[in-house]
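# Commentary on secondary and tertiary structure
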Amino acid sequence: MSCRAILTGSYEMMKMQNKVDITPYLLISAAAAILFVLTIYPLIYSLALSFHKFSIARPGVAWRFVGVKNYAKVFTDPVFWRIILNTLIFSCSTVGLQFAIGFGLALLFSREVQIRGEGFLRTALILPMMVPPILVGLIWLFMYKKDFGIVNNILWMLNVGPVTWLSKPFIAFLAIIAAETWEWTPFMFLLLLAGLRSLPSDIYESSEVDGASTWQIFRYVTLPLLKPIIAVALIIRFMDAFRIFDMIFQLTGGGPGVATETISLYIYRNGFRYFDMGFAAALSYIALIIIVIFTNVYIKVLRRAT
Amino acid sequence: MRKWMFLIVGVLVLACCGQGLAAEKPYAGQELRISFITGMPTDVALKSVIPEFEKETGMKATIIDTFYGEVLTKNMVDLYAGTGAYDVLHVESIWFAQYLPYLYPLDEFMEDPRLFDAAEYDMDDFAAFSPLTLSVFSREGKLYGFPHMAGVPLNWYRKDLLKKAGLKPPQDLDEYYNHAKKLTQDTDGDGKIDIYGIALSGARSGLVDEWLSFFFSFGGGLHARPELFLRTTFNNSIGLKTVEYYKKLYDEVAPPESLTWEFGEVGSAMQRGVVAMMWNWTCGGRWYDDPETSTVVGKVGANTFYPARFGLNALSIPVDGPKKEASFEFIKWAMSKDIVRKTTIAGGPNPARASVVNDPELTKKYWWFPALRHAATRWARMYLEIPEWSAIDDALAIEFQKVCSGEISPEKALEVASNNAYEILEEAGYFKE
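Parameters and conventions
- Residues numbered from 1 in each chain as written.
- Chains lettered and ligands numbered in written order.
- Predicted model: local features only at pLDDT ≥ 70, side-chain atom pairs only at ≥ 80, totals over all residues.
- Helix = DSSP H or I, 4+ residues; strand = E, 2+ residues; numbered from the N terminus.
- Rg over C-alpha atoms; globule rule 2.2 N^0.38 Å.
- Buried ≥ 20, exposed ≤ 12 C-beta atoms within 10 Å, placed from the backbone.
- Contact = placed C-beta atoms within 7 Å.
- Nonpolar A, V, L, I, M, F, W, Y, C, P; charged D, E, K, R; others polar.
- Domains from an automatic or database assignment.
- Pairing = 2+ DSSP bridges.
- Arc of directions from axis to C-beta.
- Axes fitted to C-alpha atoms, helices over the stretch in contact; angles between N-to-C directions.
- Parallel < 35°, antiparallel > 145°, perpendicular 65-115°, else oblique.
- Left-handed = near helix turned anticlockwise from the far one by under 90°.
- Core = buried A, V, L, I, M, F, W, Y, C linked by C-beta atoms within 7 Å.

For chain A, the helix and strand inventory stands at 13 helices and two strands. Expected size for 306 residues packed as a compact globule is a radius of gyration near 19 Å; at 27 Å, chain A overshoots this value by more than 25%. Of all 306 residues assigned to chain A, the portion counted as buried reaches 29%. Nonlocal contacts in chain A, meaning residues at least 24 apart in sequence, comprise 68% of its contacts between residues at least 6 apart.

Quick look at the structure:
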């Protein structure tokens, strides 16, 4: 091969290398465009809005730049801190309860020995999850009625009550926790049951051969193996519980006072009842930041533990 | 030749008939999308006579029902986006200020003799019901809606229970409380109260209307313009007396769950026979005599002794509505004397026309009409008609609910609520020089 041929060949190769293959970009362009229109643009728009004063009840008045005033108002608002506390207590307690009950049920249903009517029970257990949250609110609203609600009927049979479930701050809070736990425990149950069923049986067999007790197997085999699934289940449920809206909106509307009001209801109230769009956007961003921080801390703690 | 002549004459006759029909039904084939409020008795009644409108005009009316609690949000978002989703809107007077930028004035149609005959339509009939009926939906000389329904809260009471206790209907708030105290009873002796003296509209969305009614009754007042609002407008001795009175009613003579009730639940409590008296809107008046749902048929009476908000609603045309003339045709039809009468008979007992409220035949059926007439002319009033009213309403309701549930004192609630209300107006720019 002559020197020239070598040079020409390397030039052709260089040309080929420099030529940008646009096929992958074309393939993802549709998805990227949808992502931009539906996610990125609204995020940028609402971020910009959070630095402005604007109300759709005064469409003739243009956006007025107010700097960080909306954020300052959020942090100096005593109601906001009460609502954040409500939201965190609600999220942690409901997710904790859902996990405890869901995991217990999953362990029960994952046993090799079949329970009689297991198929029916499993279907019945996951039914609440299929009900739209707004209907869950309505169902529990009727169940909590003092005069004819089933909850008070049961209490009456036990010679207790009647209890006015939604008029006292602490009891109303318990009432919304119960309704949320009822609806979403099946999710936890299904996810953990799938996780338990996917664990390799040989580890269990060798543990038994080594003489491990049931508790030891659970503590040192099941839990560590299930940790990634538990983490996913808890994160998904926490994020969902943090932005709860429909069920509380229907059940208590956030009352009495603001005893059961969570961050989503507060954003809705400011954005869509008072039409203070800038303040509502600032609240949304703060809620987003809180949930991102909480989730990241949780993932880091989990990674360190594993 | 003769055949041709017949044919030509026939075609001409047909064409003339067609033109005549078109002139009679100029909007035939058009579809109107009308936003109504779910379960509102007047809307339900109007829906039942809409087939007449469709037959008369050849138009199709599609009703989009939304619950009271969500209708403002849903409509405002659509109006802001300019989707043209509705041709006719049911507008509550308390939200009129929020809707106003999106409403089309009706004067243009009312001044067009082709579309409207003012003398025949008798607009004075609306004003004769209450001077507020037309003024509430007017701004700068323009009318933005025809009054669709009008109501004022009355005191509804159980005639049989009052008679049994040897009482006459209360005439002031002291009597209201004293009667309620006497009427709160454990009828079967099991240690639990079976009949409460009153029911409260204590939910966040209902509390302030009732509270303000008592506040006005004790001598409190609200400024005509937001610029005049003070931190002491509510936070004064009358405000404190009203909060304490409200808490006393809640603690002693009202069902504890009435902190979550508004007019529907309060009305339902009366229907079930568990309350003896209540402050409630007239739109539910028919419920108590409905043998299918009420246990107190013929036992309920009504009187009025407190000022209260004029619960006026209108039908309006949105600016982005694509068929404005056809929409006006619907509004004009729906609020005509004949249809208002029919709607009232069909179960929407909130006519905004004096001629219908004064109709002796209807007064026989709707026995509370005299009390309604009296309340509309003597007691009805409006609050500040500003977009910020919803926020002020919530600021008051949230704190007063806390008082009822024992979280804070009446003094603290008034201080916080008044300051919050003031700051809402301050931030909106009402106090600038």
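Looking now at the overall build of chain B. Across its full length, chain B carries 20 helices and 14 strands. Taken across its 433 residues, chain B has 46% of its residues classed as buried. In chain B, 76% of the contacts between residues at least 6 apart in sequence involve partners at least 24 apart.

Turning to the interface of chain A and chain B, a few remarks are in order. Between chain A and chain B, the contact holds 24 residues from the first and 22 residues from the second. When residues in the side of chain A that touches chain B are grouped by element, the largest group, three residues, is from helix α12 (residues 263–273) of chain A. Each residue belonging to the side of chain A that touches chain B can be placed in one class, and the counts come to ten nonpolar, eight polar and six charged.

Residue and element names in this part refer to chain B. Here chain B is partitioned into domain 1 (30–151 + 310–381) and domain 2 (154–309 + 388–427). A separation of 28 Å is found between the C-alpha centroids of domain 1 and domain 2. Facing 22 residues of domain 1, the contacting portion of domain 2 comprises 15 residues.

Residues and elements named next belong to chain B. Judged by how many residues are buried, strand β3 (residues 88–92) sits mostly within the fold: four of five residues are covered. Summarising the sheet, strand β1 (residues 31–37) and β3 pair through two bridges and their orientation is parallel. Bridge pairing links I34 to V88 in β3.

Residue and element names in this part refer to chain B. Along helix α10 (residues 173–183), the residues classified as buried are Y176, H179, A180 and L183. Within α10, the buried residues cover an arc of 100° as seen down the axis, which keeps them to one side. Along its buried surface, α10 packs onto α9 (159–164), β9 (196–199), α12 (237–252) and β10 (275–280).

This brings us to unusual backbone geometry. Residue and element names in this part refer to chain A. P256 follows G255 through a cis peptide bond whose omega is -5°. A positive phi angle is found at N159, which is not glycine, with a value near 65°. Residue position: N159 is located in the loop between α7 (150–157) and α8 (169–198). You will see that F275, though not glycine, has its phi angle at about 60°, which is positive. Topologically, F275 is positioned in the loop between α12 and α13 (277–305).

Residue and element names in this part refer to chain B. If you trace the four strands from one edge of the open sheet to the other, you get β9-β10-β8-β11, paired in mixed fashion. Unpaired on one side and paired on the other, β9 and β11 (300–303) mark the two borders of the sheet. Ignoring strand direction, the axes of neighbouring strands in this sheet form an average angle of 20°. Together, β8 (154–158), β9, β10 and β11 form the strand contacts of helix α13 (residues 263–271), whose direction differs from that of β10 by roughly 155°.

A separate point is the environment of A:K69. All names here are of chain A. With respect to the element layout, K69 can be found in helix α3 (residues 69–76). Overall, K69 belongs to the partly exposed group, with 17 C-beta atoms counted inside 10 Å. Counting along the chain gives 29 residues from K69 to Q98, while the straight-line C-alpha distance between them is 39 Å.

As a further point, take the pairing of β8(B). All names here are of chain B. Among the five residues in β8, five count as buried, and that is most of the element. Here β8 shows a buried face lined by L154, W156 and R158 and a second buried face lined by N155 and Y157. As judged from the four bridges shared by β8 and β10, these two strands associate in the antiparallel manner. Bridge pairing in β10 places N155 opposite W279. Taken together, the four bridges between β8 and β11 define a ladder with antiparallel strand orientation. If you follow N155 over to β11, its bridge partner there is N303.

Residues and elements named next belong to chain A. Where helix α4 (residues 78–109) meets helix α10 (residues 214–242), the closest approach of the two axes is 9 Å, and the angle between their N-to-C directions is 140°. What the angle tells us is that α4 and α10 run oblique. For the pair α4 and α10, the sense of crossing is right-handed. For the pair formed by α4 and α10, the contact residues are T87, F90, S91, T94, V95, Q98 and F99 on the first element and L234, R237, F238, A241 and F242 on the second.

Attention now goes to the nonpolar core. Core analysis: the biggest nonpolar cluster contains 164 residues, and B:I198, B:A199 and B:F400 have the highest contact counts within it. Here this core spans two domains, and each of domain 1 (30–151 + 310–381) and domain 2 (154–309 + 388–427) of chain B adds at least three residues to it. Residues within four places of B:A199 in sequence aside, it is in contact with B:A254, B:P255, B:S258, B:W261, B:V266, B:A269, B:V275 and B:M278. Within the second largest apolar cluster, ten residues are counted, among which are A:L105, A:W184, A:M188 and A:L192.

Residues and elements named next belong to chain B. Following both chains from N to C, one finds helix α11 (residues 207–217) and α12 inclined at 125°, their axes separated by 9 Å at the closest point. What the angle tells us is that α11 and α12 run oblique. α12 is crossed by α11, and the crossing has right-handed handedness. Where α11 approaches α12, its residues W211, F214 and F215 are matched on the opposing element by I238, G239, T242, Y245 and Y246. Here the residues of the contact of α11 with α12 sort into six nonpolar, two polar and no charged.

Residues and elements named next belong to chain A. Topologically, K53 is positioned in strand β1 (residues 52–53). Residues K53 and L108 lie 55 residues apart in sequence; the distance between their C-alpha atoms is 55 Å. Those residues in contact with K53 that sit more than four places away from it in its chain are R64, V66 and G278.

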